[in-house]
Amino acid sequence: MKNKYSLSSNLILITFLIGIVNLFFYDYESTYELAVLIFILILRYAIFVLIKRRFEWSKYLLVIIIARSIYRLCVVFADIDAVPVTKINLILQLLMSVMAFAVLFIFPKMKEWANDRRAYFRPATHPQH
């Protein structure tokens, strides 16, 4: 994959924009909950910038975002009064975050593994006499 950083950063930017939309749809019970969401939004934007600038270690920050997305999804799905748009947005955020991580980390490893496997099983060419 030639431009994995660009694709991954665009996916994270989309999750950031979805998070901004969620600001208007979800009813926050406390100021602390709103502050955490704003912090996560800032973190998403920072990850977008770091990935765009090709910082290799930024893909590990995605793990934090994915874990937070899973936690948030569990909390919101347990809330009966939550707006369905919020639930859909959280699912989209989680899927896109996982895809961004896969583009940066999993797909290159799979390609490397496939190339190693292909080289291992390639028949040896012996010149005929």
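This text goes with the structure placed above it.
Residues numbered from 1 in each chain as written. Predicted model: local features only at pLDDT ≥ 70, side-chain atom pairs only at ≥ 80, totals over all residues. Heavy atoms only, no water.

## Let's talk about the nonpolar core
Rules: We define a nonpolar core as any set of buried Ala, Val, Leu, Ile, Met, Phe, Trp, Tyr and Cys residues linked to one another through side-chain atoms lying within 4.5 Å. Remark: exposure states derive from per-residue accessible area (1.4 Å probe, protein chains only) relative to the maximum for the residue type, with buried under 20%, exposed over 50%, and partly exposed in between. Elements are defined by DSSP. Helices are runs of H or I of four residues or more, strands are runs of E of two residues or more, and each kind is numbered from the N terminus. The contact rule is simple, with two residues in contact once any of their heavy atoms fall within 4.5 Å.
Core analysis: the largest hydrophobic core is formed by 26 residues, its most contacted members being Ile-12, Ile-47, Ile-51 and Leu-62. The element contributing the most residues to this core is helix α2 (residues 31–52), with 7 residues. Beyond its immediate sequence surroundings of up to four residues, Ile-12 is in contact with Arg-44, Ile-47, Phe-48, Ile-51, Leu-62, Ser-97 and Ala-100.

## A short note on the packing of aromatic side chains
Condition: A pair of Phe, Tyr and Trp rings is counted when the ring centres sit within 6.5 Å of each other, with Trp represented by its six-membered ring. The angle between the planes then sorts it: under 30 degrees is stacked, over 60 is edge-to-face, the rest tilted. Sitting over a ring, as applied to charges here, requires NZ of Lys or CZ of Arg to be within 6 Å of the ring centre and within 35 degrees of the ring normal.
Counted by the stated rule, this structure contains 5 aromatic pairs. Among the aromatic side chains, those forming a connected cluster through ring pairs are Phe-16, Tyr-45 and Phe-48. In this structure, Lys-87 packs its charged tip against the face of Phe-77, placed 5.4 Å from the ring centre.

## Considering α2
Applicable threshold: A helix's residues, less one, multiplied by 1.5 Å, set its expected span.
Taking 1.5 Å of rise per residue, the 22 residues of α2 would be expected to cover 32 Å, and the 31 Å separating its terminal C-alpha atoms lies within 8% of that figure. Within the sequence span of α2, burial applies to Glu-33, Leu-37, Ile-40, Leu-41, Leu-43, Arg-44, Ile-47, Phe-48, Leu-50 and Ile-51.

## Quick look at the environment of Ile-66
Tracing the chain through its elements places Ile-66 in helix α3 (residues 58–78). Judged by relative accessible area, which is 14%, Ile-66 ranks as buried. Here the alpha-carbon distance between Ile-66 and Phe-121, two residues 55 residues apart in the chain, equals 36 Å. Other than its neighbours up to four places away in sequence, Ile-66 contacts Leu-94, Ser-97, Val-98 and Phe-101.

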